[in-house]
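Residue-level structure breakdown
What follows is each chain in one-letter form.
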Amino acid sequence: MAVIQFLIQLGPSVMMPIIFFILAMIFRVKVGQGFKAAMLVGIGFVGINLVIGLLLGTLGPAAEAMVSRFGLSLTVVDPGWPVGATIGWGTPIVPIVVFSAVLLNILLLMLKWTKTVNIDIFNYWHFMLTGGVVYAATNSIAVGTIAALIHFLIAIVIADITAPKIQKEFDLKGVSFAHATSAIYVPIGIAVNWIIEKIPGLRDIKADPEEITKKYGVMGEPLTLGTILGVLLGILAGFGIAEILTLGIQVAAVMVLLPAMINVLVEGLEIVRQAAEQFLKKRFPDREFYIGLDTALLIGNPAVLATGLLLIPGALVLAILLPGNKVLPFVDLASLVFLIPMAAPYLKKNLVRLFVSGLVMVAFVLYAGTSIAPLYTTAANLVHVSLPEGVSATTELANLVGGATTPLGWILIKLASIFA
């Protein structure tokens, strides 16, 4: 367990190159090429994290300004995904869940019940967060472990099912995404798309980035779309002219730079993927394998990123309008983009369909957060989390982005609470 904790503390930018270099050696890649592949993956993750950091750092103050400007005074505060990750990695179930998840993945591969080799260990916190809140509700390591592993197993199943479509639509080969938050929202995206297909007029709206660019030229390109959305968010936040223009440029920069950083990572990934394909086909000619990665690779898509930006004011409006909601969207507003990437191919990467689907997802998150807030707060207190500035230690908590407020996480927590 100490080794795993050490790797997690290194963060994905260091952990993933180490993992990919080991994989490269296993798959008989020459040392020089293996080093290059691992470093490209590491550099890609550094670039992605820098750009996402720019996005979150830029949008964070705007989101907080909107919260203040809208005069929201809800009683359950969203303290951000770092608090969720701290809970996920901080409860007593962690050693058992980590080793059990790895062994379960190996067993499923041996039994040919999955194609996904999930190496996205850092994001284990998403399903361990569910287990951590269940542990807080039941004080049972066994029940918390079972809940976390059920969440992990269903995420793996969804990863397998969605991999072919995601690979095709995002032009990625040999990968899947067992992301225990994003994956759970895929059925909602499919359901929303099915409903939209039944509505004349709405179903005929063409709003994918390619169609927008084709119709509007440079005005429809990601850099222009990012500028417009950044400016609109600045206006909603009540910023001055200089701040509005700065936000517009910074969001445009994210729209352009994030796909470029993803391409660097994919270049390294492709070296290992090709070697893995050759190595495994010789030994398992009838098998296909996917490398399970972080959905950060998907959010650089213009439709996904643009929808994530639109969901910031959308979430605040929903928080005001939804009867019975107590959750104040706050720190995770800028991270809402992580709810939608895996559902995007099923929504034709159509901005209108993605936005409608995103609103449905956010509505569920708000109600789920309201429902589990006391248990979530107990879990946060158990691991002595450090709360963001402006969040009182006596305030009830619930994350917008994390396994506990997904439909599956909420069901597991509520079921466990019945038997507590």
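The following paragraphs examine the structure supplied in this document. Sequence order sets the numbering: in each chain, residues are counted from 1 along the sequence as written. This being a predicted model, a pLDDT of at least 70 is required before a residue's local features are given, and a value of 80 or more before pairs of side-chain atoms are given or counted; all residues contribute to the totals for chains, interfaces and linings. With hydrogens and water excluded, all non-hydrogen atoms of the structure serve as input to the side-chain values.

1. Some details on the overall build of the protein chain
The numbering of helices and of strands both runs from the N terminus, where a helix is a DSSP run of H or I of at least 4 residues and a strand a run of E of at least 2. Counting its secondary structure elements, the protein chain contains 14 helices and six strands. For this measure, only C-alpha atoms enter the radius of gyration; the expected value for a globule follows 2.2 Å times N^0.38, where N is the number of residues. Whereas a compact globule of 420 residues would reach a radius of gyration of roughly 22 Å, the protein chain reaches 21 Å, a difference of no more than 12%. Seen along its three principal axes, the alpha-carbon backbone of the protein chain occupies a region of about 60 × 55 × 45 Å. When checking whether two residues touch, look at their non-hydrogen atoms; a contact exists if any pair is within 4.5 Å. Taking contacts inside the protein chain between residues at least 6 apart in sequence as the whole, the part at least 24 apart equals 84%. Note on areas: Shrake-Rupley with a 1.4 Å probe; residue coverage comes only from the protein chains shown. Surface accessibility of the protein chain: about 17,400 Å² in total, with carbon and sulfur atoms responsible for 68%. Charge counting treats Lys and Arg as positive and Asp and Glu as negative, with His and both chain ends excluded. Working definition for charges: the position is that of NZ of Lys, CZ of Arg, CG of Asp or CD of Glu. Side-chain charges of the protein chain comprise 24 positive and 22 negative groups, with the mean position of each set lying 10 Å from the other.

2. Some thoughts on the environment of glycine 409
With respect to the helices and strands, glycine 409 occurs in helix 14 (residues 407-418). Among the residues examined, glycine 409 registers a relative accessible area of 0% and is labelled buried. The residues touching glycine 409, leaving out its near neighbours within four places in the chain, are Thr130, His151, Gly403 and Ala404. The rule is simple: take the accessible area with a 1.4 Å probe, protein chains only, and divide by the maximum for that residue type; under 20% is buried, over 50% is exposed, in between is partly exposed.

3. Observations regarding the packing of aromatic side chains
For Phe, Tyr and Trp, where Trp contributes only its six-membered ring, two rings pair if their centres lie within 6.5 Å, and the inter-plane angle classes them as stacked under 30 degrees, edge-to-face over 60, or tilted in between. Inspection of the entire model under this criterion finds six aromatic pairs. Ring centres of tryptophan 81 and tryptophan 125 lie 6.1 Å apart, and the angle between their planes is 25°; on these two criteria the pair is classed as stacked. One end of the pair, tryptophan 81, is in helix 4 (residues 81-88); the other, tryptophan 125, is in helix 6 (residues 125-138), and 44 residues separate them in sequence. Under the relative-accessibility criterion, tryptophan 81 is labelled partly exposed at 30%. Among the aromatic residues, those joined into a ring-pair cluster are Tyr124, Phe127 and Phe152. For lysine 165, the ring lying beneath its charged end belongs to tyrosine 346, and the centroid distance is 5.6 Å. Above the ring of phenylalanine 170, the side-chain terminus of lysine 349 is found at 5.3 Å from the ring centroid. Either the NZ atom of lysine or the CZ atom of arginine qualifies as a charge over a ring when it sits within 6 Å of the ring centre and within 35 degrees of the ring normal.

4. Some points on the layout of surface pockets
In this analysis, the protein atoms alone were mapped onto a 1 Å grid. Cavities are point sets where a 1.4 Å probe fits without being able to get out; pockets are open sets with protein on both sides within 12 Å along at least five of seven lines; lining residues have an atom within 4 Å of a point. Grid points are joined across faces, edges and corners, and a volume is the space filled by probe spheres set on the points. Roughly 960 Å³ of volume is contained in the largest pocket. What lines the largest pocket is a set of 32 residues, among which Leu23, Phe27, Val117, Ile119 and Ile291 lie closest to the centre. Within the residue set of the lining of the largest pocket, elements represented by two or more residues are helix 2 (12-26), helix 5 (94-110), strand 2 (116-118), helix 7 (141-170), helix 11 (241-283) and strand 4 (290-292). Residue contributions to the lining of the largest pocket peak at six residues, all from helix 11. Lining the second largest pocket are 20 residues, with Asn49, Trp81, Phe122, Asp294 and Phe338 positioned closest to its centre. For the lining of the second largest pocket, the secondary structure elements donating two or more residues are helix 2, helix 3 (31-70) and helix 6. A total of six residues in the lining of the second largest pocket trace back to one element, the largest contributor, which is helix 3. Classification used: nonpolar for Ala, Val, Leu, Ile, Met, Phe, Trp, Tyr, Cys and Pro, charged for Asp, Glu, Lys and Arg, polar for all others including Gly. For the lining of the second largest pocket, the per-class residue count stands at twelve nonpolar, six polar and two charged.

That's the geometry; what it means functionally is another story.
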